[in-house]
Amino acid sequence: MSQDSRTERRLALLGGGFSTDDDGLLDDWVLGQVRAARPRVCFVPTASGDAPGYAEQFLAAFRSRGGEPSVLPLFRRELDDDALRAFLLSQDVVYVGGGNTANLLAVWRVHGVDRLLREAYDRGTLLCGISAGANCWADGSHTDSFGPLRHLSDGLGLLTGSVCPHYDSEPGRRASYRAAVADGALPDGWAVEDGVGALFTDGVLTDAVSRVPRARLYRVESDGEGGATERALPCRPLGISRSGT
């Protein structure tokens with residue numbers, strides 16, 4: 001990929017995908033953002049400790065979609081620095097899996113992957129991910145990386161503000177994230193319910209979709225008086241899941 005003055009920098013926050021859904025709607029939406037006839041899609045399972053089953057699940061899901069899927073392991077790294085850079089910069093999509101956000105960021109920084117992903121982003125590679133793979137792109141995030149739910153303030157900063165995944169599905173998420181934004185522990189940000197996809201182009205929300213009727217994307221902001229507000233944003237429906245929930 002080459003960079004020019006017209007290159008759009010894009011990333012997507014996912015509240016689902018191949019590892020949680022059986023309809024493929026969010027993954028198809030991701031691939032629909034790429035113009036390549038056979039998109040190169042790299043899965044980065046760092047947050048799960050490069051869990052083999054997770055990687056195989058990704059490959060099985062994306063082999064049937066007409067692209068060129070691959071996996072980047074870092075716990076048993078196979079590429080030298082030059083090969084790693086060339087590999088990441090050749091991808092149309094980098095898809096980051098869930099797991100431990102804090103561990104993911106630490107491992108990426110040791111191997112220089114944080115810098116390479118920023119370079120790929122600037123060159124037009126679509127960055128996306130679920131859970132920890134959504135948290136990592138923002139300035140800060142809401143995470144259970146340390147056990148209890150808490151804030152993490154040292155993300156990659158490709159998306160201004162903060163991110164909270166699993167906003168509707170994990171006990172305590174909503175109240176804890178709102179409290180973190182209210183007291184300034186986290187900046188204003190985006191809360192992603194399961195089933196939602198949110199696309200940002202040059203840092204601006206340009207598409208929000210949902211694979212289930214009730215799933216929402218929220219903008220959560222400090223009210224400046226010790227509280228926080230949340231605003232549900234319209235989501236374009238992708239379809240109805242088989243479970244109908």
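Criteria and cut-off values
Residues numbered from 1 in each chain as written. Predicted model: local features only at pLDDT ≥ 70, side-chain atom pairs only at ≥ 80, totals over all residues. Heavy atoms only, no water. Pairing = 2+ DSSP bridges. Helix = DSSP H or I, 4+ residues; strand = E, 2+ residues; numbered from the N terminus. Axes fitted to C-alpha atoms, helices over the stretch in contact; angles between N-to-C directions. Contact = heavy atoms within 4.5 Å. Buried < 20%, exposed > 50% of the residue type's maximum accessible area, 1.4 Å probe, protein only. Lys, Arg positive; Asp, Glu negative; His and termini not counted. Salt bridge = Lys/Arg side-chain N within 4 Å of Asp/Glu carboxyl O. Polar contact = N/O pair within 3.5 Å; in protein donor to acceptor, adjacent residues only side chain to side chain.

**Considerations on the sheet that holds strand S9 (residues 189-192)**
Pairing is mixed in the open sheet, where six strands are placed in the order S7-S6-S8-S9-S12-S13. Among the strands making up the open sheet, the edge pair consists of strand S7 (150-152) and strand S13 (228-233). Taken over all neighbouring pairs, the strand axes of this sheet differ in orientation by 25° on average, direction set aside. Taken together, the three bridges between strand S6 (residues 138-143) and strand S8 (residues 159-164) define a ladder with parallel strand orientation. The residue of S8 that forms the bridge with Ser141 is Val163. Sheet contacts for helix H7 (residues 173-182): S6, S8, S9, strand S12 (217-222) and S13; angle to S12, the most-contacted strand, approximately 35°.

**A few points about the pairing of S12**
Here S9 runs beside S12; their pairing, made up of four bridges, is antiparallel. Residue pairing across strands places Gly189 opposite Val220, the latter belonging to S12. Two strands pair when backbone bridges link them, and S12 and S13 are joined in this way by six bridges, in the antiparallel orientation. Counted as the bridge partner of Glu221 is Thr229 from S13. Between the antiparallel neighbours S12 and S13 lie five residues, among them Gly224 with a positive phi of about 75°.

**Some details on the side chain of Arg10**
Of note, Arg10 is situated in strand S1 (residues 10-14). For the buried Arg10, which has no salt bridge, the nearest side chain bearing the opposite charge is Glu8, at an N-O separation of 4.7 Å. Among the polar contacts made by the side chain of Arg10, one reaches the main-chain carbonyl oxygen of Gln33 at a distance of 2.9 Å. Once residues within four sequence positions are removed from consideration, Arg10 is found in contact with Gln33, Tyr121, Thr125, Leu126, Leu127, Leu199, Phe200 and Thr201.

**Re the sheet that holds strand S5 (residues 126-130)**
As summarised here, the arrangement of the eight strands in space is S3-S2-S4-S5-S1-S10-S11-S14, forming an open sheet in which the pairing is mixed. The strands lining the two open edges of the sheet, one partner per strand, are strand S3 (68-71) and strand S14 (236-237). As judged from the six bridges shared by strand S10 (residues 196-201) and strand S11 (residues 204-210), these two strands associate in the antiparallel manner. Paired with Phe200 across the two strands is Leu205, which belongs to S11. Helix H2 (residues 52-63) contacts strand S2 (40-44), S3, strand S4 (93-96) and S5 of the sheet and is inclined by roughly 175° relative to S3.

Structural measurements only, silent on function.
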